Structure formats: C-alpha cells, structure tokens
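# Understanding the architecture of this molecule
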Amino acid sequence: MFKIPRLLIMMFMQYFVQGAWNMVIGAVLAAYSLKDIVGSTYSVLGVATIISPLIIGMIADRFIASQKVMGILHLINSVALYSLSYFVLEKDVSGFLAMIFVVGLLFYPTTALANSVSFRHIEGVKWFPVIRVFGTIGFMSVGFLLFYTGYSQTVDSFKLAAIASVIYGLYCFTLPNTLPAGKGKKLSWRDIFFLDALSLFKDKYFSIFMAATFVLMITKTAYSAYVPVYLPVLGLEPASMMQIAVATEIIFMLLLSLLLRRFGFKKVILFGAISWIIRSLMLSQAAVSEHYLLYMVGALMLQGLCWDFFFTAGDIYVDKKAKPEIKAQAQGLRFIISNGFGVFMAASVSGYINNRVVTEKALPAAAPQWHEFWIYPAVVAAIVTVAFWLFFRDKDVIMPEEQKQA
C-alpha cells in the first residue's frame, strides 16, 4: 500500500546521501591542497564499482530482499563516510583512497538496487521518470544545504553524508518488500559468474549502447570530477551553482516518459550525447570569455538533457532488455560498465589530462589551460554521438506510442 510515495522518499534519500559526498568531493580535496588525487579518487571508486554491484545484485536476485540489502549497506557505509574527514584533515592520501574504495563498494550497488526496487513495483516507462525526479530533488536539496552551511568545501560534507546514510539505512527497512525474483532456483556456475546478466551482450544493440556509455564516461567523469574544482577558479561557489544543473534535471525527467514514447530510445539517447558536446564546449569557452557566467550557466542548464536523455533513458532501456529474474543483475551490470570500468578508465584519462594541462591554480594564468582541458571531453562526446547514430538501430524495444504509429 502507498508504494509510490515510499519509493519517492527512497529515491530522494538515495541521491541526498550521494550528493552530500560525491557532488563536492573534488572541491573538498582541492580546498585541502589535494587536487592532484581527484583523478585517483574517481579511479578508485571505479574499481570498487567493478567489484560489488553484480555480486550484490545476485544476492538481491536470489537470497535477500533488495530493501534489506540496501539498508544494511547504508548503515555500514555511514561509518566509512564519517571517517573520510579524518584522512583529509591528516592529508593521509593512502588512508583516504583506501576508505573511498570502501565507500564505493558499499554505496554504488544501492543505486542499482534502488532502480531495481522501483521497476519491480511500478510500470517503468510511465512512473520511473517521476520517481527518479525525487532523486534529483534530493540531490538539489543537499546542494543548497551544503551552500547555506558552508560545508561545500569542507570535510563536514562527509559527516553530513554519514548522518543521512544512517537515516536512510533505517528507512530502507520500511520499503515495499522486494523478494528475490530467483529465490529457490538452484545456484549454478551461471549465477556465480553472472553469465545470465552477461548474456545480454549477445544482443548487438545492447552491446553498442554499453560501448557508447563506457566511452562517454570520459566526458561525464571530466564534468563530475572537475567542475567542482573549476567553479572556484572562476570565483563561483560550487554547491550553489551546481543546483542550476540539478533543477533542469527535474524538468526533463518529467518529460522523459512522453519523449521516449514519441521518439524512441535512439533519438532520445542520441540527443543526450549531442548535449554533452555542447556542454563541454561551453565550459571551455567560459574560461576565456568575459561572459563566463553566461557560458557557465548555459553549460549547467544542459544537465537535464545530458543526464536524463542519455543515462536515465539508458536505465529504462536496460530494464526493458532484461528478463524479470535478472533485472537486478542487469542494472548492476550497466552500473559496472559505466561507474565501474567506465569511471576507472575515464578518471585515469581525465586525471592525467587535467594534471598535465591545468598547472596553474588561479586566473588569468589558468584560463587558457582550462579552455584546452574541456576540449578533450567535447571530442570524446562527438565520437560517441557519430558512432551511436551510425550503428544503433534497435527495433526490439518499442514504446507504446511508437507501436501505435507503426
């Protein structure tokens, strides 16, 4: 009873917790003279995400109700999040990277599980964008809280994340019961090595979508990791400015279901990829233009198109391609490709480029360096856009509105 309101709160809290630590991690590290490990931090998170989601997804698909798995993970993770502040203050790089690895192990599987819980209790295309909007509202809420408390460039952001993680972990146990879809089925080698989820790669177009997601993570990670570092260079406060981006997510998230029904996955996802090109070019131009604020606001406002049209539409696409008994594993698989292998590769690449190109800390010397840096993710997004346009022609997943027109 009252499943949808409970799922709305779940998604709000999921992204509130994530925003409290992940949104400003680059700004916090830079504020404590640890900018050089921003790329390494995201690489470590990528490695953690490679290891855990499929294992956790298999557990949720076979053995333990998904909401209970989420609750346990968030409660344990609250301790890891709180400890991050100590390692930053002590400038203990090894300790920080080790603990952020633990945070990644515990947190990122819960994002895939939150999606899986939602899809199990709703009609995905109709209701998932609405539920996902509340994740965006949660992300926005914690951003404003970080701004008003002044935590956006301090280790207090990690302490806030820890407190929120405790509250959310307890709340997870009140969510609609999401029993393992494959419970009672004999465990086989296919389960141990996740062959059921990996078998999705036999589908040509699923593989193309995953390849596009993997490569585009260079552009996405460059944005996530270095915009919080870039904004203070321009004299702008990161947590408050980034809420411009989050606000546009809400608008386009509400339109996503309608647009998917009208235009289908290819056109929507393609437009999302194009938006990443435009955003990166605008970030580049902001570094050298006297109208930097206009370019910066414009780049941030593209978040709804960049994120919703590519990544959220991708969540729905993966759910449509997976059979009911492997949906949790499938969401975990998508997350591993993007936030696991993708982030590890992307953070290594973007970190190397940033540390090599951006050597100055302040304007005007840093302006041409940041201008050059943002060109690289724009080129990557352009390559993904062209390749996806040429090779992705999936006709198996047809939305209701498309079916009417066929």
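Residues numbered from 1 in each chain as written. Predicted model: local features only at pLDDT ≥ 70, side-chain atom pairs only at ≥ 80, totals over all residues. Heavy atoms only, no water.

### Comments concerning the environment of Pro 368
Mapping Pro 368 onto the fold places it in helix α15 (residues 367-373). Here Pro 368 falls in the partly exposed class, since its relative accessible area comes to 48%. Each C-alpha atom of the pair Pro 368 and Ala 287 lies 6.9 Å from the other, and the pair is 81 residues apart in sequence. (Helix = DSSP H or I, 4+ residues; strand = E, 2+ residues; numbered from the N terminus. Buried < 20%, exposed > 50% of the residue type's maximum accessible area, 1.4 Å probe, protein only.)

### Notes on the nonpolar core
By size, the foremost hydrophobic cluster in this structure holds 137 residues, and its most contacted members are Met 10, Trp 21, Phe 96, Met 296 and Trp 370. The element best represented in this core is helix α11 (residues 238-286), accounting for 19 residues. Excluding residues within four positions of it along the chain, Trp 370 makes contact with Tyr 226, Val 229, Tyr 230, Val 233, Ala 287, Asn 354 and Val 358. (Core = buried A, V, L, I, M, F, W, Y, C linked by side-chain atoms within 4.5 Å. Contact = heavy atoms within 4.5 Å.)

### Some words on the packing of aromatic side chains
Taken as a whole and judged by the stated rule, the model has 25 aromatic pairs. When the centroid spacing of 5.7 Å and the interplanar angle of 90 degrees are considered together, the rings of Phe 252 and Phe 309 count as edge-to-face. Separated by 57 residues along the polypeptide, Phe 252 in helix α11 and Phe 309 in helix α13 (residues 303-321) bring together distant segments of the chain. With relative accessibility at 6%, the residue Phe 309 sits in the buried group. (Phe/Tyr/Trp six-rings, centres within 6.5 Å; stacked < 30°, edge-to-face > 60°.)

### Details of the confidence of the model for the chain
Per-residue confidence for the chain averages 85 on the pLDDT scale, and 89% of its residues sit at or above 70. Between residues 402-406, whose pLDDT stays under 50, and residues either more than four places distant or in other chains, the model counts eight contacts. (pLDDT = per-residue confidence, 0-100.)

### Re unusual backbone geometry
A cis amide bond links Leu 363 with the next residue in sequence, Pro 364, at an omega value of 5 degrees. Counting through the fold element by element, Pro 364 comes out in the loop between α14 (327-357) and α15. At Ser 33, a position not held by glycine, the phi torsion is positive, near 60 degrees. Positive phi outside glycine occurs at Lys 91, with the angle close to 55 degrees. For Lys 91, the position within the fold is in the loop between α4 (66-89) and α5 (93-121).

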